[in-house]
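Summary of structural features
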Amino acid sequence: MASTRQRAVCGFALLLVGLLSLLASMRYRERYRLSMDPIMRSSRVHACKPDTKVAFIKLHKTGGSTIMQVLHRFGYLRNLSFVQPSSNNINQLYPYGLQDIRKYLPPEGKEFDILTYHTIYDRARITQLLSGNATFVTILREPMDRLKSAFNYYQLARRFRIPGRNALQTFLENPERFDNKVDLRSSGAPISATKNPMAVELGYPLKDLSSNLSTGVRDKNIRDFVDKISREFGLVMVTEYFDESLVLLRRLLCWDMQDILYFKYNSYEYELRKNTVSERLVQNYRRHNAIDYALYGHFNRTLWRKINMAGGNFQEELSHFRWLQDKMRTHCNREFYDFAPIYIGETAWNAGFRIDATFCTWMKTWHMCYFTLLRDRNVRIQQDKQKVPTAKRLPRTGGIYSDPYCVLCENIKKHCTVHEYVTHLYHEGFLSPSQSSSSKITSIKSRHGGKPQPIS
């Protein structure tokens, strides 16, 4: 009898050991899977460390201004350092690329963290500024939709001197006839706004655009270029699947979901967008714009391959993101007198946070204000302004638009609302809750909702 009991106990012990080993093995495989696949690794908000070294190659007319706003907010609130022009021209780094280090505002005693302004992709120069550990991302747009946007924004019918209401169709009948005849650099656009502009801004060699190359060589060059971008970029987003792209970006960078919330910027409604284009004219443009079509086709497929690899919880995360977007936009658009904070609870993709007046201010601050506040912060650091005691005294005779509160004060007045600037002063520690600056603007109907609140 004792022998039977002993065998039973031993059998149970072996079974228990086996189960524990299996569970341990499963946990190890899960940890290994999460650590090896960046998309899966970052699907859990606490599974990894947020990436703060980001090079966003901002292409024209692809939705990049909204991504820039996301990066502005993320970097500004964390005191990260941006590669910025030394002048007040946000497009100074374009189109000649990062050629002269003296043009940029250097950070004080540390590397740059983020590049988000228009420039031509040059990996070697960018990694010199951000380090070799930077994550490279960009965003592409369906080429015909992008052409319509460029035609409207840059007024190409007038520049190409195409009369009539059907200027786009006239252009598409023979794109080579009109292209490369107008230098658009003064408008902040590439030299050609219609012929492979996305590829050129991603560094495609201009010498290879020559039309005298044989078709076979040209096709090989295109394939090699697409492969190069695939190897060198952590993520290529797609404008037509903007929310899906942002969820993949969040996972790649291991950010919190609140970090990728957005309001659309530089998004316009125009008649040309509704115009249909015949298949014959689309094929004309495909031949004229072959590299951009190859890029878009490849990375559109790649995006969906990444989504399919991300697992079943991707759609759940996407649904939560869109719910959170709607919640944020609705709340941040409330009137001044109807503004009270709401709390968003913790989920697998975001820590708990408050959508309050301060949060909404930073959500809706436009790009030139962020650009100017970041430049002002950088100049203050370089001039050793950090020695000024913070939150210890009221503004000097010049008010809050004077030393020590700002250096580029006139630019801040031009590009930021009083509300944005006062919220900035709280964030920088120049104003404290005991000071009365926020009461000066409580009667103003703010487009952000609510009065500026101290940063706790």
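Refer to the structure above for everything that follows.
Every value quoted in this text rests on a predicted model; they were computed, and no experiment measured them.

1. Things to note about the overall build of the chain
- When helices and strands are tallied, the chain shows 18 helices and six strands.
- Buried positions account for 52% of the 456 residues belonging to the chain.
- Here the contacts in the chain between residues at least 6 apart in sequence split such that 74% fall between residues at least 24 apart.

2. Here's the deal with unusual backbone geometry
- Note the cis peptide between Tyr94 and Pro95, where omega equals 5°.
- Tracing the sequence through the fold places Pro95 in the loop between helix 3 (64–77) and strand 2 (114–115).
- In this chain, Asp403 is followed by Pro404 through a cis amide linkage whose omega measures 10°.
- Phi is positive for Gln155, close to 50°, though the residue is something other than glycine.
- By the element assignment, Gln155 lies in the loop between helix 5 (143–153) and helix 6 (156–159).

3. A few points about the environment of Met328
- Mapped onto the elements of the fold, Met328 is located in helix 14 (residues 313–332).
- Accessibility expressed as a relative area gives 0% for Met328, which makes it buried.
- Placed 14 residues apart in sequence, Met328 and Ile342 show a C-alpha to C-alpha distance of 9.5 Å.
- The residues touching Met328, leaving out its near neighbours within four places in the chain, are Leu261, Tyr262, Phe263, Ile355, Phe359 and Met363.

4. With respect to the packing of helix 11 (residues 242–253) against helix 14
- One way to put it is that helix 11 packs onto helix 14 with a least axis distance of 10 Å and a crossing angle of 110°. Relative to helix 14, helix 11 is oriented roughly perpendicular. Taking contact as the criterion, the partners of Asp243, Glu244, Leu246, Val247, Leu248, Arg250 and Arg251 in helix 11 are, on helix 14, Asn313, Phe314, Glu317, Leu318, Phe321 and Arg322.

5. Overview of the pattern of salt bridges
- What the rule picks out here adds up to 17 salt bridges.
- Between Lys220 and Asp224 there is a salt bridge, and its shortest N-O distance comes to 2.8 Å. Of this pair, Lys220 and Asp224 both sit in helix 10 (residues 215–232), four residues apart, roughly one helical turn.
- The class of Asp224 is partly exposed, set by a relative accessible area of 37%.
- As a salt-bridge pair, Glu317 and Arg250 come within 2.7 Å of each other at their nearest N and O atoms. Taken together, the residues span a long stretch of sequence, with Glu317 in helix 14 and Arg250 in helix 11 at a distance of 67 residues.
- Exposure remark for Glu317: the relative accessible area of 0% places this residue in the buried category.
- Among the charged side chains, a salt-bridge network with shared partners connects Asp376, Arg377, Arg380 and Glu428.

6. Some remarks on the sheet that holds strand 2
- On the basis of which strands lie adjacent, the open sheet formed by four strands has the order 2-1-3-4 and parallel pairing. Strand pairing shows two members of the sheet lacking a second neighbour, strand 2 and strand 4 (235–238), which therefore form its edges.
- In this structure, strand 1 (residues 54–57) lies alongside strand 2, joined through two bridges in parallel fashion. Considered in strand 2, the bridge of Ala55 is made with Leu115.
- Docked against the sheet, helix 3 engages strand 1, strand 2, strand 3 (135–140) and strand 4, running at close to 160° with respect to strand 1.
- In the packing of helix 13 (residues 290–309) onto the sheet, the strands contacted are strand 3 and strand 4, and the crossing angle to strand 4 comes to about 100°.

7. A few points about the environment of Phe314
- On the secondary structure map, Phe314 appears in helix 14.
- In this structure Phe314 comes out as buried when scored by relative accessible area, which is 0%.
- Discounting residues that sit within four places of it in the chain, Phe314 has contacts with Glu244, Val247, Leu248, Arg251 and Ile307.

8. Overview of the pairing of strand 4
- Residues Leu235 and Met237 point to one face of strand 4 and Val236 and Val238 to the other, with burial holding for every one of them.
- Pairing between strand 3 and strand 4: four bridges, direction parallel. If you follow Ile139 over to strand 4, its bridge partner there is Met237.

9. Structural notes on the state of the cysteines
- Under the criterion given, the structure shown has four disulfides.
- Covalently, Cys48 is tied to Cys254 through a disulfide, its sulfur atoms 2.0 Å apart. Note on the Cys48 and Cys254 pair: the S-S dihedral is about 105°, so by sign convention the disulfide is right-handed. A residue pair is termed long-range when its members are at least 10 positions apart, and Cys48 in the loop between helix 2 (38–41) and strand 1 and Cys254 in the loop between helix 11 and helix 12 (279–288) qualify at 206 residues. Here the two residues Cys48 and Cys254 agree in accessibility, since each one is buried.
- Note on cysteine connectivity: Cys406 is disulfide-linked to Cys409, with sulfurs 1.9 Å apart. Residues Cys406 and Cys409 share a disulfide whose torsion about the S-S bond is about 110°; that sign makes it right-handed. Like Cys409, Cys406 is buried.

10. Some remarks on helix 16 (residues 367–382)
- With 16 residues, helix 16 extends 23 Å from end C-alpha to end C-alpha; this agrees with the ideal 22 Å at 1.5 Å per step.
- For helix 16, the tally of buried residues reaches 14 of 16 residues, placing the bulk of the element in the interior.

Rules used in this analysis
Residues numbered from 1 in each chain as written. Predicted model: local features only at pLDDT ≥ 70, side-chain atom pairs only at ≥ 80, totals over all residues. Heavy atoms only, no water. Helix = DSSP H or I, 4+ residues; strand = E, 2+ residues; numbered from the N terminus. Buried < 20%, exposed > 50% of the residue type's maximum accessible area, 1.4 Å probe, protein only. Contact = heavy atoms within 4.5 Å. Axes fitted to C-alpha atoms, helices over the stretch in contact; angles between N-to-C directions. Parallel < 35°, antiparallel > 145°, perpendicular 65-115°, else oblique. Salt bridge = Lys/Arg side-chain N within 4 Å of Asp/Glu carboxyl O. Pairing = 2+ DSSP bridges. Disulfide = S-S within 2.5 Å. Expected span 1.5 Å × (residues − 1).

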